[in-house]
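The chain contents come next:
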Amino acid sequence: MTIWIDQPIWPRHGTVFAHLISDTSLDELHAFAHRVGLHPRSFEGDHYDVPQERYALVVSAGATSTTGADVVRRLIGSGLRLRKRRGDRPVARIPAMVFPDGTHASVDLIASDSPVTASGVFAAMCFVQDGQDCFAVVHSPRRDAWGSPGGWREDGEAVVDAAVREVREETGLVVAAGDLEVCAYERFTVDGEVRGRWLPGRSYLQVFRTRVAGSAPSMAASEDDVDGWHWVDRAEFERLCGADFWWPLVPRLFD
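Conventions and cut-offs
Residues numbered from 1 in each chain as written. Predicted model: local features only at pLDDT ≥ 70, side-chain atom pairs only at ≥ 80, totals over all residues. Heavy atoms only, no water. Helix = DSSP H or I, 4+ residues; strand = E, 2+ residues; numbered from the N terminus. Rg over C-alpha atoms; globule rule 2.2 N^0.38 Å. Contact = heavy atoms within 4.5 Å. Areas by Shrake-Rupley, 256 points an atom, 1.4 Å probe, with all protein chains shown as cover. Lys, Arg positive; Asp, Glu negative; His and termini not counted. Charge placed at Lys NZ, Arg CZ, Asp CG, Glu CD. Core = buried A, V, L, I, M, F, W, Y, C linked by side-chain atoms within 4.5 Å. Buried < 20%, exposed > 50% of the residue type's maximum accessible area, 1.4 Å probe, protein only. Phe/Tyr/Trp six-rings, centres within 6.5 Å; stacked < 30°, edge-to-face > 60°. Arc of directions from axis to C-beta. Polar contact = N/O pair within 3.5 Å; in protein donor to acceptor, adjacent residues only side chain to side chain.

Asks: What's the story with the overall build of the protein in this structure? I'm lost.
Replies: Regarding its fold elements, the protein presents six helices and 14 strands. Its C-alpha atoms give the protein a radius of gyration of 20 Å, near enough to 18 Å, the size a compact globule of 255 residues would have. Based on the C-alpha atoms only, the size of the protein along its principal axes is roughly 60 × 45 × 30 Å. By sequence separation, contacts in the protein at least 24 residues apart represent 66% of the contacts at least 6 residues apart. Summed over its atoms, the accessible surface of the protein is roughly 12,500 Å², and 52% of this surface lies on carbon and sulfur atoms. Put simply, the protein has 27 plus and 37 minus side-chain charges, and the middle of one group is 6 Å from the middle of the other.

Below, the structure written as C-alpha coordinates:
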(Lines give C-alpha, C1' and ligand atoms only; values in the text may rest on other atoms or scores of the structure.)
Protein backbone atom coordinates (compact mmCIF):
# COMPACT_ATOMS: atom_id res chain seq x y z
CA MET A 1 0.00 0.00 0.00
CA THR A 2 1.38 3.38 -0.99
CA ILE A 3 -1.29 5.65 0.46
CA TRP A 4 -0.15 8.65 2.49
CA ILE A 5 -1.90 11.35 4.52
CA ASP A 6 -0.55 14.52 6.10
CA GLN A 7 -1.83 16.19 9.25
CA PRO A 8 -5.31 17.81 9.33
CA ILE A 9 -4.18 21.43 9.62
CA TRP A 10 -5.53 23.02 6.42
CA PRO A 11 -8.54 25.27 7.20
CA ARG A 12 -11.64 25.23 5.00
CA HIS A 13 -15.42 25.27 5.46
CA GLY A 14 -15.21 25.77 9.22
CA THR A 15 -12.95 22.79 9.90
CA VAL A 16 -9.44 21.59 9.01
CA PHE A 17 -8.43 19.03 6.40
CA ALA A 18 -5.63 16.59 5.64
CA HIS A 19 -4.45 15.60 2.16
CA LEU A 20 -4.66 11.94 1.10
CA ILE A 21 -2.45 10.78 -1.79
CA SER A 22 -1.00 7.80 -3.56
CA ASP A 23 2.58 7.93 -4.79
CA THR A 24 1.87 5.10 -7.24
CA SER A 25 -1.37 5.68 -9.15
CA LEU A 26 -4.63 7.59 -9.08
CA ASP A 27 -6.51 4.32 -9.54
CA GLU A 28 -5.09 3.11 -6.23
CA LEU A 29 -6.02 6.42 -4.58
CA HIS A 30 -9.61 6.31 -5.89
CA ALA A 31 -10.04 2.71 -4.76
CA PHE A 32 -8.84 3.50 -1.25
CA ALA A 33 -10.98 6.66 -1.03
CA HIS A 34 -14.05 4.69 -2.09
CA ARG A 35 -13.31 2.02 0.52
CA VAL A 36 -13.18 4.56 3.35
CA GLY A 37 -16.26 6.42 2.11
CA LEU A 38 -14.77 9.69 0.87
CA HIS A 39 -17.10 11.60 -1.44
CA PRO A 40 -15.88 11.92 -5.07
CA ARG A 41 -16.23 15.70 -4.80
CA SER A 42 -13.47 15.73 -2.18
CA PHE A 43 -10.99 14.74 -4.91
CA GLU A 44 -8.83 17.70 -5.92
CA GLY A 45 -7.00 16.45 -9.00
CA ASP A 46 -4.08 14.76 -7.23
CA HIS A 47 -5.36 14.27 -3.67
CA TYR A 48 -8.47 13.89 -1.54
CA ASP A 49 -9.35 16.39 1.17
CA VAL A 50 -10.01 14.53 4.43
CA PRO A 51 -11.76 16.41 7.27
CA GLN A 52 -10.20 16.00 10.69
CA GLU A 53 -13.30 14.11 11.85
CA ARG A 54 -12.41 11.25 9.48
CA TYR A 55 -8.64 11.35 9.89
CA ALA A 56 -8.39 8.52 12.44
CA LEU A 57 -10.64 6.28 10.32
CA VAL A 58 -8.51 6.82 7.22
CA VAL A 59 -5.28 6.06 9.10
CA SER A 60 -6.77 2.95 10.68
CA ALA A 61 -7.79 1.78 7.17
CA GLY A 62 -4.14 1.78 6.08
CA ALA A 63 -3.02 5.30 5.13
CA THR A 64 0.44 6.20 6.44
CA SER A 65 0.65 9.48 8.33
CA THR A 66 3.37 11.90 7.24
CA THR A 67 4.08 15.61 6.86
CA GLY A 68 2.69 18.03 4.30
CA ALA A 69 6.16 18.55 2.85
CA ASP A 70 6.60 14.80 2.40
CA VAL A 71 3.21 14.52 0.65
CA VAL A 72 4.29 17.19 -1.86
CA ARG A 73 7.68 15.53 -2.36
CA ARG A 74 6.09 12.15 -3.02
CA LEU A 75 3.56 13.61 -5.47
CA ILE A 76 6.26 15.39 -7.44
CA GLY A 77 8.44 12.28 -7.48
CA SER A 78 5.59 10.12 -8.71
CA GLY A 79 4.64 12.48 -11.54
CA LEU A 80 1.09 12.73 -10.19
CA ARG A 81 1.38 16.32 -8.98
CA LEU A 82 -1.18 18.53 -10.71
CA ARG A 83 -0.03 22.12 -11.19
CA LYS A 84 -2.57 24.85 -10.42
CA ARG A 85 -2.80 28.55 -9.74
CA ARG A 86 -4.13 30.08 -6.55
CA GLY A 87 -7.91 29.73 -6.57
CA ASP A 88 -7.95 26.94 -9.17
CA ARG A 89 -9.83 23.74 -8.28
CA PRO A 90 -8.26 20.63 -9.84
CA VAL A 91 -10.85 18.14 -11.02
CA ALA A 92 -9.05 15.26 -12.73
CA ARG A 93 -5.97 14.14 -14.62
CA ILE A 94 -6.44 11.93 -17.67
CA PRO A 95 -3.19 10.28 -18.79
CA ALA A 96 -2.30 8.81 -22.16
CA MET A 97 -5.09 10.23 -24.33
CA VAL A 98 -4.91 9.50 -28.06
CA PHE A 99 -6.65 12.06 -30.28
CA PRO A 100 -8.06 11.53 -33.81
CA ASP A 101 -4.96 12.99 -35.48
CA GLY A 102 -2.75 10.47 -33.64
CA THR A 103 -1.47 12.93 -31.03
CA HIS A 104 -0.73 11.44 -27.60
CA ALA A 105 -1.30 13.74 -24.62
CA SER A 106 -2.27 13.83 -20.96
CA VAL A 107 -5.02 16.24 -19.93
CA ASP A 108 -5.59 18.10 -16.67
CA LEU A 109 -9.14 19.33 -16.01
CA ILE A 110 -9.27 22.37 -13.74
CA ALA A 111 -12.28 24.40 -12.60
CA SER A 112 -11.44 28.09 -12.38
CA ASP A 113 -13.14 31.44 -12.87
CA SER A 114 -9.81 33.03 -13.86
CA PRO A 115 -8.89 32.86 -17.57
CA VAL A 116 -5.58 31.36 -18.58
CA THR A 117 -3.06 33.45 -20.51
CA ALA A 118 -4.54 34.05 -23.96
CA SER A 119 -1.29 33.37 -25.81
CA GLY A 120 -1.37 29.79 -24.54
CA VAL A 121 -4.94 29.01 -25.66
CA PHE A 122 -5.46 26.95 -28.82
CA ALA A 123 -9.19 26.30 -28.50
CA ALA A 124 -12.37 27.19 -26.62
CA MET A 125 -15.61 25.47 -25.75
CA CYS A 126 -18.82 26.60 -24.06
CA PHE A 127 -21.45 24.86 -21.98
CA VAL A 128 -24.74 26.40 -23.14
CA GLN A 129 -27.90 26.06 -21.06
CA ASP A 130 -31.43 27.27 -21.68
CA GLY A 131 -33.89 28.65 -19.16
CA GLN A 132 -34.90 25.12 -18.11
CA ASP A 133 -31.31 24.06 -17.30
CA CYS A 134 -31.06 21.86 -20.42
CA PHE A 135 -27.76 21.71 -22.30
CA ALA A 136 -27.08 22.32 -26.00
CA VAL A 137 -25.16 19.41 -27.51
CA VAL A 138 -23.76 18.97 -31.00
CA HIS A 139 -22.50 15.89 -32.84
CA SER A 140 -19.07 15.82 -34.48
CA PRO A 141 -18.92 13.34 -37.38
CA ARG A 142 -15.11 13.50 -37.32
CA ARG A 143 -15.01 12.21 -33.74
CA ASP A 144 -18.40 10.46 -33.89
CA ALA A 145 -19.17 12.03 -30.52
CA TRP A 146 -21.59 14.42 -28.88
CA GLY A 147 -20.40 17.39 -26.85
CA SER A 148 -20.73 21.07 -26.13
CA PRO A 149 -19.97 23.53 -28.95
CA GLY A 150 -16.32 24.45 -29.30
CA GLY A 151 -13.26 24.28 -31.50
CA TRP A 152 -9.92 25.65 -32.56
CA ARG A 153 -9.12 29.33 -32.17
CA GLU A 154 -8.40 31.22 -35.39
CA ASP A 155 -5.28 33.38 -35.92
CA GLY A 156 -5.62 36.75 -34.19
CA GLU A 157 -8.95 35.84 -32.61
CA ALA A 158 -9.67 36.70 -28.98
CA VAL A 159 -10.35 33.61 -26.88
CA VAL A 160 -13.89 34.63 -25.93
CA ASP A 161 -14.63 35.51 -29.55
CA ALA A 162 -13.58 32.00 -30.56
CA ALA A 163 -16.16 30.59 -28.15
CA VAL A 164 -18.86 32.98 -29.44
CA ARG A 165 -18.09 32.02 -33.05
CA GLU A 166 -18.09 28.28 -32.34
CA VAL A 167 -21.45 28.50 -30.56
CA ARG A 168 -22.90 30.42 -33.53
CA GLU A 169 -21.43 28.12 -36.19
CA GLU A 170 -22.33 24.86 -34.47
CA THR A 171 -25.76 25.74 -33.02
CA GLY A 172 -26.96 28.95 -34.72
CA LEU A 173 -27.35 30.52 -31.27
CA VAL A 174 -26.08 34.10 -31.00
CA VAL A 175 -24.50 34.83 -27.63
CA ALA A 176 -22.67 37.97 -26.55
CA ALA A 177 -19.07 37.80 -25.40
CA GLY A 178 -20.05 39.60 -22.21
CA ASP A 179 -22.53 36.83 -21.37
CA LEU A 180 -19.87 34.11 -21.39
CA GLU A 181 -18.44 33.16 -17.99
CA VAL A 182 -15.00 31.57 -17.61
CA CYS A 183 -15.51 28.40 -15.59
CA ALA A 184 -12.65 25.97 -16.30
CA TYR A 185 -9.73 25.05 -18.50
CA GLU A 186 -8.15 21.93 -19.92
CA ARG A 187 -4.35 21.68 -20.01
CA PHE A 188 -2.86 19.34 -22.62
CA THR A 189 0.67 17.97 -22.34
CA VAL A 190 1.66 16.41 -25.67
CA ASP A 191 3.82 13.30 -25.41
CA GLY A 192 6.12 12.86 -28.37
CA GLU A 193 5.61 14.29 -31.83
CA VAL A 194 3.49 17.42 -32.23
CA ARG A 195 1.07 16.83 -35.11
CA GLY A 196 -1.45 18.76 -37.15
CA ARG A 197 -2.67 22.03 -35.67
CA TRP A 198 -1.03 21.53 -32.26
CA LEU A 199 1.49 24.34 -31.72
CA PRO A 200 4.31 24.51 -29.16
CA GLY A 201 3.40 26.87 -26.33
CA ARG A 202 -0.35 26.52 -26.88
CA SER A 203 -1.56 23.92 -24.42
CA TYR A 204 -4.86 25.27 -23.05
CA LEU A 205 -8.50 24.89 -23.99
CA GLN A 206 -10.51 27.61 -22.28
CA VAL A 207 -13.94 26.58 -21.05
CA PHE A 208 -16.89 28.97 -20.74
CA ARG A 209 -20.53 28.65 -19.77
CA THR A 210 -23.54 30.75 -20.67
CA ARG A 211 -27.32 30.71 -20.56
CA VAL A 212 -29.81 31.65 -23.28
CA ALA A 213 -33.37 32.84 -22.75
CA GLY A 214 -36.37 30.62 -23.19
CA SER A 215 -36.87 26.88 -23.38
CA ALA A 216 -34.98 24.94 -26.06
CA PRO A 217 -34.65 27.69 -28.69
CA SER A 218 -34.21 26.31 -32.20
CA MET A 219 -30.70 25.38 -33.33
CA ALA A 220 -29.02 24.70 -36.68
CA ALA A 221 -25.35 24.47 -37.61
CA SER A 222 -23.84 26.54 -40.40
CA GLU A 223 -20.64 24.47 -40.73
CA ASP A 224 -20.28 20.86 -41.85
CA ASP A 225 -18.09 19.87 -38.89
CA VAL A 226 -21.37 19.33 -37.00
CA ASP A 227 -24.17 17.06 -38.25
CA GLY A 228 -26.52 16.97 -35.26
CA TRP A 229 -27.76 19.26 -32.50
CA HIS A 230 -30.39 19.23 -29.79
CA TRP A 231 -31.21 20.14 -26.19
CA VAL A 232 -30.81 17.53 -23.46
CA ASP A 233 -31.48 17.38 -19.74
CA ARG A 234 -28.72 16.56 -17.27
CA ALA A 235 -29.36 12.80 -17.35
CA GLU A 236 -29.32 12.64 -21.17
CA PHE A 237 -26.22 14.81 -21.24
CA GLU A 238 -24.44 12.24 -19.10
CA ARG A 239 -25.74 9.35 -21.20
CA LEU A 240 -24.33 10.93 -24.35
CA CYS A 241 -21.08 12.34 -22.98
CA GLY A 242 -20.36 10.70 -19.62
CA ALA A 243 -17.57 8.54 -21.04
CA ASP A 244 -15.67 11.47 -22.59
CA PHE A 245 -12.45 12.63 -20.96
CA TRP A 246 -13.81 16.11 -20.17
CA TRP A 247 -16.99 14.88 -18.46
CA PRO A 248 -15.68 15.22 -14.85
CA LEU A 249 -15.96 18.99 -15.30
CA VAL A 250 -19.76 18.75 -15.57
CA PRO A 251 -20.60 17.42 -12.09
CA ARG A 252 -18.05 19.79 -10.57
CA LEU A 253 -19.53 22.82 -12.34
CA PHE A 254 -23.25 22.03 -12.45
CA ASP A 255 -24.23 19.59 -9.68
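Asks: What am I meant to see in the nonpolar core here?
Replies: Nonpolar side chains in soluble globular proteins tend to end up buried together. Ranked by size, the top nonpolar core spans 30 residues in total, and within it Leu109, Phe127, Val207, Phe237, Phe245 and Trp246 carry the most contacts. Listed in part, the 24 residues of the second largest apolar core include Ala124, Val159, Ala162 and Val175.

Asks: Would you mind showing me how to read the packing of aromatic side chains here?
Replies: Each aromatic ring pair is described using two quantities: the centre-to-centre distance and the angle formed by the ring planes. In the structure shown here, the tally under the stated rule is 13 aromatic pairs. An angle of 80 degrees between the planes, with centres 6.5 Å apart, marks the rings of Phe127 and Phe237 as edge-to-face. With Phe127 in strand E8 (residues 121–129) and Phe237 in helix H5 (residues 234–241), this residue pair connects regions lying 110 residues apart in the sequence. For Phe127, a relative accessible area of 1% puts it in the buried group. Relative accessible area serves as the criterion here: at 0%, Phe237 is assigned to the buried category. Here Phe135 and Phe254 contribute two aromatic rings whose centre-to-centre distance is 5.1 Å and whose plane-to-plane angle is 90 degrees, an arrangement assigned as edge-to-face. Taken together, the residues Phe135 in strand E9 (residues 135–140) and Phe254 in helix H6 (residues 249–254) connect sequence positions 119 residues apart.

Asks: Got a minute to help me understand helix H3 (residues 68–78) in this structure?
Replies: Structural remark: α-helix, 3.6 residues per turn; residues separated by three or four positions point the same way. Regarding H3, the residues found buried are Asp70, Val71 and Leu75. Looking down the long axis of H3, one finds its buried residues gathered within 135 degrees of arc, a one-sided arrangement. Turned more than 90 degrees away from the buried face of H3 sit Ala69, Arg73, Ile76 and Gly77, all of them exposed. Buried residues belonging to H3 abut strand E1 (3–5) and strand E3 (15–22). Count one or two residues on from H3 and you reach Gly79, which has phi positive near 80 degrees.

Asks: Please clarify how the side chain of Asp6 should be interpreted in this entry.
Replies: Residue placement: Asp6 occurs in the loop between E1 and strand E2 (10–12). Engagement of the side chain of Asp6 in a polar contact is seen with the side chain of Trp10, the distance being 3.3 Å. Look past the residues within four positions of Asp6 in its chain and what remains in contact with it is Ala18, His19, Tyr55, Thr66, Thr67, Gly68 and Val71.

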